[in-house]
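# Architecture and fold: a report
Spelled out from the first residue to the last, the chains are:
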Amino acid sequence: MTYYMPTKIYEQEECIAAHAAELAALGKKALLVTGRRSAKLNGAEADVVAALEQEGVRHALFDEVEENPSIETIMKARDFAVKEGCDFFIGIGGGSPMDAAKAISLMAKNSDKGVDFLFGEDPSAQWYPVVAVPTTCGTGSEVTGISVLTIHEQKTKGSIPYRIFPELALLDAKYLKKAPAGVLRNTAMDALCHLSESYINAGANDFSRMCALAGLEAWSRSKAFLEDPTAVPEEETLRNMLKASTLGGMAIAQTGTSLPHGMSYGLTYFMGVAHGRACGQFQAGYLAEADPADAEVVVKTAGFQSIEDLNDFFGKACGVVEIPEETLDAIIGQLVANESKLKSAPFPVDSNVLRRIATYNQ
Ligand SMILES: [Fe+2]
């Protein structure tokens, strides 16, 4: 068995200020990588700037990362980072800015390389240090080497083959307070999917399952607010949900995700469905195909009575998506061609199994 997760995690109030010196020691000039608004609204960008300035470290800002970042955005940010002379990268936000920061770091370090290098799998490739500041509670990207980008040419999303773990993950649940309710619901659903798909995974071992189970327990303690659109979660609830999300990241850093994530990429690409909701859509179907004893552990530890109960919860929290037949065909067609995702399921998979999973709640 192996467990590898080399990111140093700090989880505490005022985390960034508390570790300013360690953050600033990672390089001479930082590139802050964010979306357009949320890092400004929730205060995380200002906290990072204050920490760097206190330590006398220069910084630049790239705040153009879109949801599901494209390789075009990565290349644009790389050119900016090289021009600015940045030598470490701080992703602030949900999965998109954190994943983008990893890919930008790789391309900035290899500034003579073209876009093909991103998916080229060069075993000797190096990158600059990356720091992750999560401000949602789903992706777990702060503790994974995974960077998922949109590939318009293939009409889907895909992970780059490099494993770029952040040096530092700085977790402060106060940033989640400003996240819109819909974002919290979708990202919390993503966290549940990471935990479930890692537990039920051909690559699972005792170490990865330890993370998945601890994450499912934390998730179960916080899930109640997701069903009620008017609920304002308490700080302790958000802290638990952020913990669940990071534990989910630690679990998928070992196993990767599985079939629901593989199907979600097409649902997001073709129908614009938010990532967490798109993964949640296929979760009950996936659990129904798994070993019943394993599925029961996931369902019960997450605080549900049954797979059906979990599916009802998903419907209330995120809403079941009605998928047109031709989109279903495209999603299944893409996944059938994705051999590594198929192998991640701990049971035999063919297009009939995929169709059962995809249509479980249709
Ligand atoms: Fe995910």
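The model shown is predicted, which means the values in this text are computed figures rather than measured ones.

Another point: the packing of helix H8 (residues 206–222) against helix H9 (residues 235–255). At a minimum axis separation of 8 Å, H8 and H9 run at an interaxial angle of 155°. Accordingly, the angle class assigned to the pair H8 and H9 is roughly antiparallel. By crossing handedness, the relation of H8 to H9 is classed as left-handed. Within the contact between the two elements, H8 uses Ser208, Cys211, Ala212, Ala214, Gly215, Ala218, Trp219, Arg221 and Ser222 and H9 uses Thr237, Asn240, Met241, Lys243, Ala244, Leu247, Met250, Ala251, Gln254 and Thr255. Per-class residue counts for the contact of H8 with H9 are 10 nonpolar, seven polar and two charged.

The coordination sphere of the iron ion, as far as protein atoms go, consists of Asp190 (OD), His194 (NE2), His261 (NE2) and His275 (NE2), spread over 2.1 to 2.2 Å. Linear spacing of the donor residues for the iron ion on their chain is D-x3-H-x66-H-x13-H. Of this pair, His194 sits in helix H7 (residues 181–199) while His261 sits in helix H10 (residues 259–271), and the two are 67 residues apart along the sequence. Under the relative-accessibility criterion, His194 is labelled buried at 3%. Judged by relative accessible area, which is 2%, His261 ranks as buried.

One way to put it is that H7 packs onto H9 with a least axis distance of 8 Å and a crossing angle of 40°. On the basis of the axis angle, H7 is oblique to H9. With respect to the hand of their crossing, H7 and H9 are arranged in left-handed fashion. Contacts from Leu184, Ala188, Ala191, His194, Leu195 and Ser198 of H7 reach H9 at Leu238, Met241, Ala244, Ser245, Leu247, Gly248, Ala251, Ile252 and Thr255. Its residues assigned to classes, the contact of H7 with H9 comprises 10 nonpolar, five polar and no charged.

So, on to the side chain of His19. Mapped onto the secondary structure, His19 falls in the loop between helix H1 (15–18) and helix H2 (20–24). A polar atom in the side chain of His19 sits 2.4 Å from the side chain of Gln12. Those residues in contact with His19 that sit more than four places away from it in its chain are Tyr10, Gln12 and Leu170.

Attention now moves to the nonpolar core. With 65 residues, the main nonpolar core has Trp219 and Leu259 as its most contacted residues. Taken domain by domain, the makeup of this core includes at least three residues from each of domain 1 (8–174) and domain 2 (180–359). Ignoring any residue separated from it by four or fewer positions in sequence, one finds Trp219 in contact with Ala188, Ala191, Leu192, Leu195, Leu226, Met241, Ala244, Ala302, Phe304 and Phe313. One finds Ala60, Met75, Ile104 and Ala125 within the second-largest nonpolar core, a separate group that totals 27 residues.

Attention shifts here to empty space enclosed by the protein. For the structure on display, the rule yields two cavities of 30 Å³ or more. Empty space within the largest cavity amounts to approximately 40 Å³. Along its surface, the largest cavity is lined by Ala181, Leu184, Arg185, Phe225, Leu226, Asp228, Pro229, Ala231 and Pro233. The class makeup of the residues in the lining of the largest cavity is seven nonpolar, no polar and two charged.

Note on terminology: disulfide describes a covalent bond linking the sulfur atoms of two cysteines. Under the defined criterion, the tally for this structure stands at zero disulfides. Cysteine Cys211 is unpaired, with the sulfur of Cys193 as its nearest cysteine sulfur at 18 Å. For the unlinked cysteine Cys279, the closest cysteine sulfur is that of Cys193, found at 5.2 Å.

Another aspect to go through is the packing of aromatic side chains. Applying the stated criterion across every chain, the model contains 10 aromatic pairs. A ring pair is formed by Trp127 and Tyr162, whose centres lie 6.5 Å apart and whose planes are at 70°; its orientation type is edge-to-face. With Trp127 in the loop between helix H6 (95–109) and strand S5 (130–134) and Tyr162 in the loop between strand S7 (156–159) and strand S8 (168–171), this residue pair connects regions lying 35 residues apart in the sequence. Taking relative accessible area as the criterion, Tyr162 reaches 4% and is therefore assigned buried. When the centroid spacing of 5.2 Å and the interplanar angle of 65° are considered together, the rings of Phe304 and Phe313 count as edge-to-face. Neither Phe304 nor Phe313 differs from the other in exposure class; each is buried.

Here the focus is the pairing of S5. Most of S5 is tucked away: five of the five residues are buried. Burial along S5 is two-sided: the face carrying Val130, Ala132 and Pro134 and the face carrying Val131 and Val133 are both buried. Relative to S5, strand S4 (residues 88–93) runs parallel, the two sharing five bridges. Residue pairing across strands places Gly93 opposite Pro134, the latter belonging to S5. In this region the chain leaves S4, passes through H6 and returns to the parallel neighbour S5; the handedness of that crossover is right-handed. By the bridge criterion, two bridges tie S5 to S8 in an arrangement that is parallel.

Here the focus is unusual backbone geometry. The phi angle at Glu14 is positive, at roughly 50°, despite the residue not being glycine. Take Glu14: its relative accessible area is 42%, and that puts it in the partly exposed class. Notably, Glu121 is not glycine yet its phi reads approximately 55°, a positive angle.

About the criteria used
- Residues numbered from 1 in each chain as written.
- Predicted model: local features only at pLDDT ≥ 70, side-chain atom pairs only at ≥ 80, totals over all residues.
- Heavy atoms only, no water.
- Axes fitted to C-alpha atoms, helices over the stretch in contact; angles between N-to-C directions.
- Helix = DSSP H or I, 4+ residues; strand = E, 2+ residues; numbered from the N terminus.
- Parallel < 35°, antiparallel > 145°, perpendicular 65-115°, else oblique.
- Left-handed = near helix turned anticlockwise from the far one by under 90°.
- Contact = heavy atoms within 4.5 Å.
- Nonpolar A, V, L, I, M, F, W, Y, C, P; charged D, E, K, R; others polar.
- Donors = N, O, S within 2.8 Å, 3.2 Å for Na, K, Ca; no water.
- Buried < 20%, exposed > 50% of the residue type's maximum accessible area, 1.4 Å probe, protein only.
- Polar contact = N/O pair within 3.5 Å; in protein donor to acceptor, adjacent residues only side chain to side chain.
- Core = buried A, V, L, I, M, F, W, Y, C linked by side-chain atoms within 4.5 Å.
- Domains from an automatic or database assignment.
- 1 Å grid on protein atoms, 1.4 Å probe; cavity = no way out; pocket = protein on both sides within 12 Å on 5 of 7 lines; lining within 4 Å.
- Points joined across faces, edges and corners; volume = space filled by probe spheres on them.
- Disulfide = S-S within 2.5 Å.
- Phe/Tyr/Trp six-rings, centres within 6.5 Å; stacked < 30°, edge-to-face > 60°.
- Pairing = 2+ DSSP bridges.
- Right-handed = clockwise from strand over helix to strand, strands pointing away.

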